[in-house]
Structures are given as structure tokens and as C-alpha cells.
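Examining the three-dimensional arrangement
Take a look at the letters that make up each chain.
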Protein chains: 2
Amino acid sequence: MRVLVVEDERGMAEALRRGLAAEGFVVEVARDGPSGLDAARFGGFDAVLLDVMLPGMSGYTVVRTLRAEGVWVPVLMVSAKDGEYDEADGLDYGADDYLTKPFSFVVLLARLRALLRRDPAPRPAVLQAGGIRLDPATREVTVDGGRADLAPREFLVLQHLLAAAPAVVAKETLLSQVWGDASDDPNVVEVYVGYLRRKLGRERIETVRGAGYRIGP
Amino acid sequence: MRVLVVEDERGMAEALRRGLAAEGFVVEVARDGPSGLDAARFGGFDAVLLDVMLPGMSGYTVVRTLRAEGVWVPVLMVSAKDGEYDEADGLDYGADDYLTKPFSFVVLLARLRALLRRDPAPRPAVLQAGGIRLDPATREVTVDGGRADLAPREFLVLQHLLAAAPAVVAKETLLSQVWGDASDDPNVVEVYVGYLRRKLGRERIETVRGAGYRIGP
DNA sequence: ACCGGCGCTGAGAGTCCCCTGAGAGCGCCT
DNA sequence: AGGCGCTCTCAGGGGACTCTCAGCGCCGGT
């Protein structure tokens, strides 16, 4: 297993290198944001340990850039910032886990193992299809760049349609996932698709008669 | 998104139920280990929030049992134990993340989203035979690359013919699988095969007199 | 070549699927 | 209290889809 450690502080980087090597990992170290980003892009690592405070480019920017480029290597962020919003931001930018300094090395190892045993096929944090963009973290929806203002229920329906795109989503699926009961009256789904069409544009949601709905062309 | 909360303490369970529901999750609650295990097994949830201290069976045992049975639903453990070894144990038993009480709800949400991001829904296989391609997920049918527009019943008939290809499918089989009643008038099958031939090309569905139909050569 | 029966097809009626406008109930904010 | 936004139900209408029916063609056996 190859692990990339991005950490500028010499002592910490060295400690991690030794500790992980002793556990059988092959470790490489990068000392600033840009070189860490580059190594993560092309280095073929199985996981990345990423400090937040880095020279040149913050860890947040590194992980966001990676995800935007379609690089899905598991990322474990490590930071001295322990504010709850720092942590939530790191995760929403696409990190898979977040540890606060000081941390226990035992816990670090366990979290690394947990990341490595998951299938490395995460989806982007932001859903995007057919000219529609939806951010689950900020609850923001844009259509061809313009902001759309959605009610909570409308947001949920759209979220499921986007997550499934380009597949067709059955009304029963939406009922069970959004309303929690597949045996409800399907008409409520039709009504909400109607609301969404009014706000996003009629052609953005396609009806597949007898099957369900689908995003865009 | 459907989330299972396994938590015996009434106040905490209720707080989680409300908070998650407000974020648009469909929430179910189990109050002890065994019933939580059962719900996680068969409930079809997208994620599980699992307390460690539970009546009947500990959270550790629950997650270990699930993994041993091949159930890979994302599990976020929540515990009042903050010992580093407790956390490492939880993760090594198969939990995907571990939070220590008291925790910030904002962080819980971000971690939940990070987990849900990780496993894309499995897509049913694409059926292909005799120059015809049928994708059950997108409901798309192409003939030699050109798109064909099928009604729901037509789609179902074609799906069964393709799934069986190159075998011959009896009219009675189609009646029972598509119409749900083998004793119906077989003429309706002939009519629908006629519709399909008109849309896909006459020679694409072959008649085997006295036996049924088969997809092209 | 003839005949019986299996399969094919055009037309039409009925069904049901989906869309929409109106409005009631509810909670929240002013 | 009043207004507002959100959710959901209801009923009507339009149109796609389904199915039946009846007549005809064609295959295979004698």
C-alpha cells in the first residue's frame, strides 16, 4: 500500500513516515500544497494524508482540486484546526475523513485501514447533470449558472434524480427515498416534478411513461 | 436517503431523528442491538448510525456481524467511549467512521454525507443481442446504434426476449412473465411482437412456429 | 395441390397514466 | 392575528398505451 503524506512540519512528517513504514506502508512525503497536489494526481497512491495548513496552497484547495479533476484517491485530512466548521468544510470539499491534532497514532492507523478497505469509487460531492448543479452541503442549485430557489422537498426530489442520472428513477423509488413510504399516492411525485419543471425549465426533467423520470436529454 | 439510527437513549434518538429528518433524511430508529442488526440487514438503508452501548448486543458486535454476513452498508459508530483503542476497535470491526459523544451535529452531517458519497448504486446489466442494445437503467434501446422509442409493454417483451437470447421464448412464458397470467389470449403477444418488429426491423425477431419467438440470428 | 391451423395485422374502443389548477391544512415569521 | 411559504389532496382533461376482434396470409402435412 502506497501512502502520500503531505505535511510541511519536518518533525511530524518524519514521525508519520517512520510509523507508517513500520506498519508496512510505502510512504512518500510532499512538503507543500502544490507539490502534494501534483504527487496525488500522478503518483498512483492508495491513500493521501493531507495537512490543512500548507505553504503555497491549503489542504482544502488541494482536495477540492483533486475532486474537481476526477481524482478519487481516499483523502484523510489532518489539521490543528478543531473548529466544527473547519472539519465539516474539509469533508464537504471531498475529504473522506478528518483528524484533529493532536491525534493518536493508533486511531490514525485504524482510520487509514477503514478508508483503504472501502471501494475507491466515491461520487463527487457536488451533483451535476443536464446543466443542473446541486451542492448537498450548501443546498445550492444552479441551472446553466443561474440560481434556482427550491423548497426542501423539491430539493430532495432533484437530488435523487441527479444522483441517478442518466438512469430513470421510478416514482415508487422516489416515494420510498424521499417520502419514506413506497405505498403513498404517486400523484404527489407528479406534482413535485411539476414544481421542479416550472423552476428549472420544462425540458430539464423528462417523463418516461410507465417507468418514471429522468434528468435532461 | 434512508438512515437507520440504532440508539437506546430516548432523548438522543429523538434528537437525531428530528435533526436528520430536517436535513431531508428518512429516518428509522431501533432501540437495541438485536433489532438494530435485523433492521440493518433487511431494511435497505443507505447508512446506519450505530451507538456502541446498546441493550442486548453491543454496537461492535452488530457491525462485526453485519460485515461477516457480507452486508456493506456504511456504518457510522457513535460512542461515549473516547479511548483511542475503543475507536480503533470500532473501525477495525468494520465501521466506516467513529464519532465520540458529545459531538457536533454539523460534523455528524458532514461525515454522513462523506459516507453516502462513497458507494454508487449498482446498475443492472445491459442486455445485448442481434444488434439490439437495451439498458434497463436508462431505459434506452438502440438498434445498430439508432435509438428506438418503445412503450412500456413493448420494452418488457423485448427485455425478456433479449435476456433469453439466443433461446426461443414461448408465448406462454411471455404471457406469464410480462402479463402475469399464462392463461391469457396468446394473440396479445403476437400483437406486441408485431409492434416491436415495426420499430426494430422485421427480421430482428424470428418466429419459431409452434414454439415461440427468438432474437435475430 | 389442398386444407387446417397458426400467426400476422389494421382498426377501434377503452383504460390508465400523467399533468395541472385550485385549494385546504400547517407551521413560521412578522 | 395575519400573511406567507410549503406540502399535499383532489378532480378534470388529454393523450398515449393496451387490448380485443375479425379477417387474411402463409406454413406444413397429407
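Report follows, based on the coordinates. (Residues numbered from 1 in each chain as written. Chains lettered and ligands numbered in written order. Predicted model: local features only at pLDDT ≥ 70, side-chain atom pairs only at ≥ 80, totals over all residues. Heavy atoms only, no water.)

**Focus on the interface of chain A and chain B**
Where we set the bar: Any two residues whose heavy atoms approach within 4.5 Å are treated as being in contact. Using a 1.4 Å probe, buried area is obtained as the accessible area two parts lose upon being combined, added over both of them. Each salt bridge in this description consists of a side-chain nitrogen of Lys or Arg and a carboxyl oxygen of Asp or Glu lying within 4 Å of one another. The secondary structure listing takes helices from DSSP runs of H or I that are at least 4 residues long and strands from runs of E that are at least 2 residues long, numbered from the N terminus. Lys, Arg, Asp and Glu make up the charged group, whereas Ala, Val, Leu, Ile, Met, Phe, Trp, Tyr, Cys and Pro make up the nonpolar group; the residues left over, Gly among them, are polar.
Tallying the contact residues gives 49 residues for chain A and 39 residues for chain B. When the two sides are added together, the surface that chain A and chain B hide from each other amounts to roughly 3,500 Å², 46% of it contributed by carbon and sulfur. Our count for the chain A to chain B interface comes out at eight salt bridges. Top contributing element to the side of chain A that touches chain B by residue count: helix α5 (residues 105-117) of chain A, with seven residues. Looking at the side of chain A that touches chain B residue by residue, the classes come out as 28 nonpolar, seven polar and 14 charged.

**Examining helix α3 (residues 59-68) of chain A**
In an α-helix, one full turn covers 3.6 residues, which means residues spaced three or four apart are oriented alike. Residues and elements named next belong to chain A. Just so we agree on the cut-off: Summary of the burial criterion: residues with accessible area below 20% of their type's maximum are buried, those above 50% are exposed, and those between are partly exposed, where the area comes from a 1.4 Å probe applied to protein chains only. Directions pointing from the helix axis toward each C-beta atom define the arc.
All buried positions along α3 are accounted for by Gly59, Tyr60, Val62, Val63, Leu66 and Arg67. In an axial view of α3, the angular spread of the buried residues amounts to 165°, which keeps them on one side of the axis. Lining the buried residues of α3 we find α2 (33-42), β3 (47-51), β4 (75-79), α4 (84-92) and β5 (97-100).

**What about the protein's contact with DNA strand D?**
Spelled out, the test is: A single heavy atom is enough: if one lies within 4 Å of a molecule or strand, its residue is considered near that molecule or strand. N or O atoms closer than or at 3.5 Å make up a polar contact, with two conditions inside protein: a donor-capable atom paired with an acceptor-capable one, and, for residues adjacent in sequence, both atoms drawn from side chains.
Not every one of the 18 residues close to DNA strand D is listed here, only the nearest: Arg153(A), Tyr195(A), Arg153(B), Trp179(B) and Tyr195(B). At 2.7 Å, a side-chain N or O of Trp179(B) approaches a phosphate oxygen of DNA strand D. One nitrogen or oxygen atom from the side chain of Asn187(B) is found 3.3 Å from a base nitrogen belonging to DNA strand D. Counting only elements with at least two residues in the surface near DNA strand D, the list comes to α6 (152-164) and α8 (187-200) of chain A together with α6 (152-164) and α8 (187-200) of chain B. Each residue belonging to the surface near DNA strand D can be placed in one class, and the counts come to twelve nonpolar, two polar and four charged.

**Regarding the packing of aromatic side chains**
Rules: Each Phe, Tyr or Trp ring (for Trp, its six-membered ring) is paired with any other whose centre lies within 6.5 Å, and the angle between the two planes then decides the class: stacked below 30 degrees, edge-to-face above 60, tilted in between. Whether a charge lies above a ring is judged from NZ of Lys or CZ of Arg, which has to be within 6 Å of the ring centre and within 35 degrees of the ring normal.
Taken as a whole, this structure holds six aromatic pairs over all chains when the rule is applied. Residues Tyr192(A) and Tyr195(A) carry aromatic rings whose centres are separated by 5.1 Å and whose planes lie at 75° to one another, so their mutual orientation is edge-to-face. One end of the pair, Tyr192(A), and the other, Tyr195(A), are both in helix α8, three residues apart, so they sit about a helical turn from each other. Sitting above the plane of the Phe45(B) ring, Arg2(B) keeps its charged end 4.6 Å from the centroid.

**Overview of the protein's contact with DNA strand C**
Taken together, 23 residues sit near DNA strand C, with Arg197(A), Thr207(A), Tyr213(A), Arg197(B) and Arg202(B) positioned nearest. Protein-proximal atoms of DNA strand C, defined as those within 4 Å of the protein, fall in sugar or phosphate at a share of 69%. Within the side chain of Thr207(A), an N or O atom sits 2.5 Å from a phosphate oxygen of DNA strand C. Side-chain polar atom of Arg209(A) to a base oxygen of DNA strand C: 2.7 Å apart, as the coordinates give it. Of the residues forming the surface near DNA strand C, the biggest block, six residues, is contributed by α8(B). Here the residues of the surface near DNA strand C sort into four nonpolar, seven polar and twelve charged.

**What to know about the side chain of Arg204(A)**
Residues and elements named next belong to chain A. Among the structural elements, Arg204 can be located in the loop between α8 and β10 (205-208). Judged by relative accessible area, Arg204 falls into the buried class, the value being 15%. Within the structure, the side chain of Arg204 is placed 2.7 Å from the side chain of Asp144, a separation counted as a polar contact. In this structure, Arg204 is in contact with Gly130, Ile132, Val143, Asp144, Arg214, Ile215 and Gly216, ignoring residues within four places of it in sequence.

**So, the sheet that holds strand β1 (residues 2-6) of chain A**
Residues and elements named next belong to chain A. Stated formally: Any two strands between which DSSP finds at least two bridges are classified as paired. Each axis is a line fitted through C-alpha atoms, and for a helix only the stretch in contact is used; angles between axes span 0 to 180 degrees, taken between their N-to-C directions.
Pairing is parallel across the open sheet formed by five strands, whose spatial order is β2-β1-β3-β4-β5. Only two strands of the sheet have a single neighbouring strand rather than two, namely β2 (26-30) and β5. Strand-to-strand twist in this sheet, taken as the mean axis angle between neighbours without regard to direction, amounts to 20°. In the sheet, β3 pairs with β4 via four bridges, with the strands oriented parallel. Note on β4: the bridge partner recorded for Leu49 is Leu76. Those strands touched by α4 are β4 and β5, and its axis lies near 150° from that of β5.

**Points about the sheet that holds strand β9 (residues 146-148) of chain A**
Residues and elements named next belong to chain A. Here we have four strands laid out as an open sheet, ordered β6-β7-β8-β9, and antiparallel in their pairing. Of all strands in the sheet, those bounded by a partner on one side alone are β6 (127-129) and β9. Neighbour-to-neighbour, the strand axes of this sheet turn through a mean angle of 20°, independent of strand direction. Note: β6 against strand β7 (residues 132-135), three bridges, orientation antiparallel. Bridging from a neighbouring strand, Ala129 pairs with Ile132 of β7. In the packing of α6 onto the sheet, contacts are made with β6, β7 and β8 (140-143), and the angle to β7 comes to roughly 115°.

That's the geometry; what it means functionally is another story.
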